[in-house]
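# Architecture and fold: a report
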Amino acid sequence: MRKYKDRKGVEHSVEITLLHRRQIRERLEIDLVQCAHEREALEHMLNEVSTDDLCQWEMLAIIEGTTAEAPMDAADGETAVAANEALIEAIIDFFPERSPLKAPLREYIRKAI
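In this report, we go over the structure that sits alongside the text.

Rules used in this analysis
- Residues numbered from 1 in each chain as written.
- Predicted model: local features only at pLDDT ≥ 70, side-chain atom pairs only at ≥ 80, totals over all residues.
- Heavy atoms only, no water.
- Axes fitted to C-alpha atoms, helices over the stretch in contact; angles between N-to-C directions.
- Helix = DSSP H or I, 4+ residues; strand = E, 2+ residues; numbered from the N terminus.
- Parallel < 35°, antiparallel > 145°, perpendicular 65-115°, else oblique.
- Left-handed = near helix turned anticlockwise from the far one by under 90°.
- Contact = heavy atoms within 4.5 Å.
- Nonpolar A, V, L, I, M, F, W, Y, C, P; charged D, E, K, R; others polar.

This part covers the packing of helix α1 (residues 18-28) against helix α4 (residues 53-64). Axes are the key here: two packed helices are described by the angle between their axes and the distance separating the axes. Running from amino to carboxyl end, α1 crosses α4 at an angle of 140°, the nearest separation of the two axes being 9 Å. Looking at the two axes, α1 sits oblique to α4. Where α1 crosses over α4, the two elements pack in a sense that is right-handed. In this structure, α1 uses His 20, Gln 23, Ile 24, Arg 27 and Leu 28 to contact α4, whose residues at the interface are Cys 55, Glu 58, Met 59, Ile 62 and Ile 63. Residues of the contact of α1 with α4, tallied by class, amount to six nonpolar, two polar and two charged.

Structure, rendered in C-alpha cells:
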C-alpha cells in the first residue's frame with residue numbers, strides 16, 4: 001500500500017483492488033491488465049496519469065471511494081507530485097510478486113517517468 005499526504009496533512013492510502021481495476025476500466029477506459037501486456041496501452045496510461053491531472057484525480061477518487069473534487073480540493077503542486085508517485089507505485093503493486101509481468105512493468109514504468 002502506498003501513501004501520500006495532502007496539503008492539509010491528511011494521509012491517503014493508495015491500494016488498487018480488482019474492484020478498482022474494473023471501475024477504472026469502466027469510467028476511464030484504462031485497463032491495468034492490458035497495460036501490463038501491451039506497451040502502447042501502458043504508454044497511453046502513463047501519459048494520461050502523468051500529464052492529465054483530472055485522470056490522476058479520477059483514478060485516486062475511484063480508489064478512495066469519493067469524487068475527484070475531494071482530493072483535488074486538498075491538493076497543491078506538491079500533493080499532486082506525491083499522489084502521482086503513490087498512484088504509479090500502487091499500479092506496480094497491483095500485480096503479484098510472482099507475476100512474470102511485474103519486474104518488466106516496474107522497470108519500464110521507472111524508466112518512463
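Our next topic: the environment of Val 81. Assignment of secondary structure puts Val 81 in helix α6 (residues 77-94). Through-space distance from the C-alpha of Val 81 to that of Arg 7 is 12 Å; in sequence the pair is 74 residues apart.

Treat this as a map of the structure, not an account of what it does.
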